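Coordinates in review
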Amino acid sequence: MADRETLLSETFVEIADTLVDEFDVVDVLTTLASRCVALFDVDEAGLMLAAAGRLQVVASSSHTMRSLELFEVRHDEGPCVDCYRDGLRVECDDVGKAQERWPTFAVEAMKAGIGSVFAVPMRLRDQTIGSLNLLRSGTGGLTESDFAAAQAMADVATIGILQHRLVVEHKVIAGQLQSALQSRIVIEQAKGIVGATTGLTMEESFLAMRRFARNHNLKLMEVATGLVTRTLATQHVVGSSRHIGP
Amino acid sequence: MRVSALADIRRDLDRERDAAGSSAALLIAACVAALDVTGAGIMVMIGRGHRGSVGGSDDVIRLIEELQFTLGVGPCIDTCRTGLPVLEPDLAHPVTDRWPELAPSAVEAGVAAIFAFPVVVGGIGLGALDLYQSEIGDLRPEQYADAIEMADVVGREILAWQADAPAGTLASELDQPESLRLVVHQASGMLSVSLGISIEDALMRVRAYAYAEHRSIDDVAADVVTGVLVIER
């Protein structure tokens, strides 16, 4: 462990690197899990993220870790669950003495050969998005510097994930904005086409389009696009509106 | 900035949005006040070919936006195309005459210097923030930096409006018939029928007519729609 500082710095750079380009959440968190095992005095590491308020296992350093995390999610009990719910660090240096706190998880952990469990929240200000979980086969506490480093890693990953979510959200809204603006224009163009063909006013043309859309179970935008691309004849739209209903 | 001043602006805008009192006018007024310029306006790109306005602080900036719409050239259009700020500290005597059709009318209206900044959020170009000054001169370094920040504030504000809009509809702050020049698109639709040409060509005809006749494109379009004006083949 002589070069722990170097390995720690390298890990931060590595995580930061993965945050820049094509962001793959599972990839980043899997890297993080394996580095935790290498860096800290723990045997297993795993990360869980919440989706719609429910935790999901995203990355695990081993099969044992994954099984225990899934167990926690299924029974809604354990260090990861507590850590996510409270947004606070969880430490239990002897899982054998934690049967009151976690009646089912403590038993399961001991069966899997786990002696102590720790968790740090993945949190930015008041928003907790998951937890980083560390397990050890022996009993005993985790040093303060290990806790601090684990929290720092969780923080970097959290910022990356939140930033990524924001970018995705912006793209979705920008797409909605574009299609809403486009429809506004296409509907006006279509009103002009109907008006020029029939002599109706813009308002009357709009009402005719809307009637046709309702009578044919179409969206107004579909009718407008049909008129503008000349795949729908104006006479068809206006003619039908005169015969069918108000 | 005056980081604190910018934070205040963001907070004010958030509060107004929460109180459903937000509007394009308030956002533009915030830009003018924060950047210490004579006037400001915001343009949105609609698809690749169309442009709409979100609004302007005064008649001069509204004229500039209208001219850009009619002519298809100008600082907003350049800044959207390149993604870079466009700076013209002396519009009457530019180093390179970028917009010969636009400059004389803008100068006559009282524009001494004009600047445009791209409005981009998360790598997506939404439009442009344009500023003008009634005095010749460059933006001060802090004004320049603040304008880049304000363009970011504008982009986030526009997306926040749209995020609050009911599904499938345009945010009410952006749905302004005059700003979006809806009457011009009605006129394009009508002309496409009467001249038997495409909608895009019809829009070109309305623009060309307004430019040739030295008339406002909004007035020309309104006359086409009411039948007062017949643009012939």
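Above: the structure in question.
A brief structural summary. (Residues numbered from 1 in each chain as written. Chains lettered and ligands numbered in written order. Predicted model: local features only at pLDDT ≥ 70, side-chain atom pairs only at ≥ 80, totals over all residues. Heavy atoms only, no water.)

The helix and strand inventory of chain A stands at 9 helices and 5 strands. Listed by position from the N terminus, the elements making up chain A come as α-α-β-β-α-α-β-α-β-β-α-α-α-α. On C-alpha atoms alone, chain A measures out to a radius of gyration of 29 Å, which is more than a quarter above the 18 Å that the 2.2 N^0.38 rule sets for 246 residues. Along the longest, intermediate and shortest principal axes, the C-alpha atoms of chain A span 85 × 40 × 30 Å. The burial tally for chain A puts 47% of its 246 residues in the buried class. Restricting to contacts in chain A with at least 6 residues of sequence separation, those with at least 24 account for 59%. (Helix = DSSP H or I, 4+ residues; strand = E, 2+ residues; numbered from the N terminus. Rg over C-alpha atoms; globule rule 2.2 N^0.38 Å. Buried < 20%, exposed > 50% of the residue type's maximum accessible area, 1.4 Å probe, protein only. Contact = heavy atoms within 4.5 Å.)

With that settled, consider the interface of chain B and chain A. Accessible area lost upon the coming together of the parts serves often as the stated size of an interface. Taken residue by residue, the interface counts 28 residues in chain B and 24 residues in chain A. Taken together, the connections running from chain B to chain A amount to 1 salt bridge. Our count for the contact surface shared by chain B and chain A stands at 5 residue pairs in polar contact (both at pLDDT 80 or more). At the level of secondary structure, the elements contributing two or more residues to the side of chain B that touches chain A comprise β1 (39-46), β5 (124-133), α6 (141-164) and α8 (182-194) of chain B. The element contributing the most residues to the side of chain B that touches chain A is α8 of chain B, with 7 residues. Grouping the constituent residues of the side of chain B that touches chain A by class yields 18 nonpolar, 8 polar and 2 charged. (Salt bridge = Lys/Arg side-chain N within 4 Å of Asp/Glu carboxyl O. Polar contact = N/O pair within 3.5 Å; in protein donor to acceptor, adjacent residues only side chain to side chain. Nonpolar A, V, L, I, M, F, W, Y, C, P; charged D, E, K, R; others polar.)

On to the sheet that holds strand β2 (residues 50-56) of chain B. Residues and elements named next belong to chain B. In space, the 5 strands of this open sheet follow the order β2-β1-β5-β4-β3, with antiparallel pairing throughout. Only two strands of the sheet have a single partner each, and these edge strands are β2 and β3 (86-88). For this sheet the average axis-to-axis angle between neighbouring strands, irrespective of direction, equals 20°. Note that β3 and strand β4 (residues 113-121) share 3 bridges and pair antiparallel. By the bridge assignment for β4, Val86 is matched with Ala116. (Pairing = 2+ DSSP bridges. Axes fitted to C-alpha atoms, helices over the stretch in contact; angles between N-to-C directions.)

Counting 47 residues, the largest nonpolar core has Leu129, Leu131, Met150 and Ile158 of chain B as its most contacted members. Elements with a contribution of two residues or more to this core: α6 (144-198) of chain A together with α1 (3-18), α2 (24-35), β1, β4, β5 and α6 of chain B. Every residue in contact with Ile158 of chain B, bar those within four places of it in the chain, is listed here: Leu177 of chain A together with Ile42, Val44, Val54 and Leu174 of chain B. Core analysis: the next-biggest nonpolar cluster, separate from the first, contains 31 residues, Ala33, Val58, Ala59 and Leu134 of chain A among them. (Core = buried A, V, L, I, M, F, W, Y, C linked by side-chain atoms within 4.5 Å.)

Residues and elements named next belong to chain B. Although it is not a glycine, Arg181 sits at a positive phi angle of roughly 55°. As for its placement among the helices and strands, Arg181 is situated in the loop between α7 (177-180) and α8. Phi is positive for His214, which is not a glycine, with a value near 55°. Looking at the element boundaries, His214 is found in the loop between α9 (199-212) and α10 (217-226). A relative accessible area of 74% places His214 in the exposed class.

Residues and elements named next belong to chain A. On the secondary structure map, Val120 appears in strand β4 (residues 116-124). Take Val120: its relative accessible area is 2%, and that puts it in the buried class. Residues Val120 and Gly87, spaced 33 residues apart in sequence, show a C-alpha to C-alpha distance of 8.0 Å. When residues no more than four places from it in sequence are discounted, the contact partners of Val120 are Cys83, Arg89, Ser131, Leu132, Phe147, Ala150, Gln151 and Ala154.

Residues and elements named next belong to chain B. Among the 8 residues of β1, 8 are classified as buried, and the element is accordingly described as predominantly covered. Side chains of β1 alternate between two faces, with Gly39, Gly41, Met43 and Met45 and Ala40, Ile42, Val44 and Ile46 buried alike. Bridge analysis of β1 against β5 gives 6 bridges, and the strand direction is antiparallel. Among the inter-strand pairings, Ile42 is bridged to a residue of β5, identified as Leu129. In this structure, β1 lies alongside β2, joined through 6 bridges in antiparallel fashion.

Residues and elements named next belong to chain B. Orientation of α8 relative to α10, taken along the N-to-C sense of each, is 45°, at an axis distance of 8 Å. As summarised for this structure, α8 and α10 are arranged oblique, according to the angle between their axes. The way α8 lies across α10 gives a crossing that is left-handed. For the pair α8 and α10, contact is made by Val183, Val184, Gln186, Ala187, Met190 and Leu191 and by Ile217, Asp218, Ala221, Ala222, Val224 and Val225, respectively. Residue composition of the contact of α8 with α10, by class: 10 nonpolar, 1 polar and 1 charged. (Parallel < 35°, antiparallel > 145°, perpendicular 65-115°, else oblique. Left-handed = near helix turned anticlockwise from the far one by under 90°.)

The next subject is the environment of Val225 of chain B. One can find Val225 of chain B in helix α10. With near-sequence residues (within four places) excluded, Val225 of chain B lies in contact with Met202 of chain A together with Val183, Gln186, Ala187 and Met190 of chain B.

Purely spatial values, then, with no claim about function.
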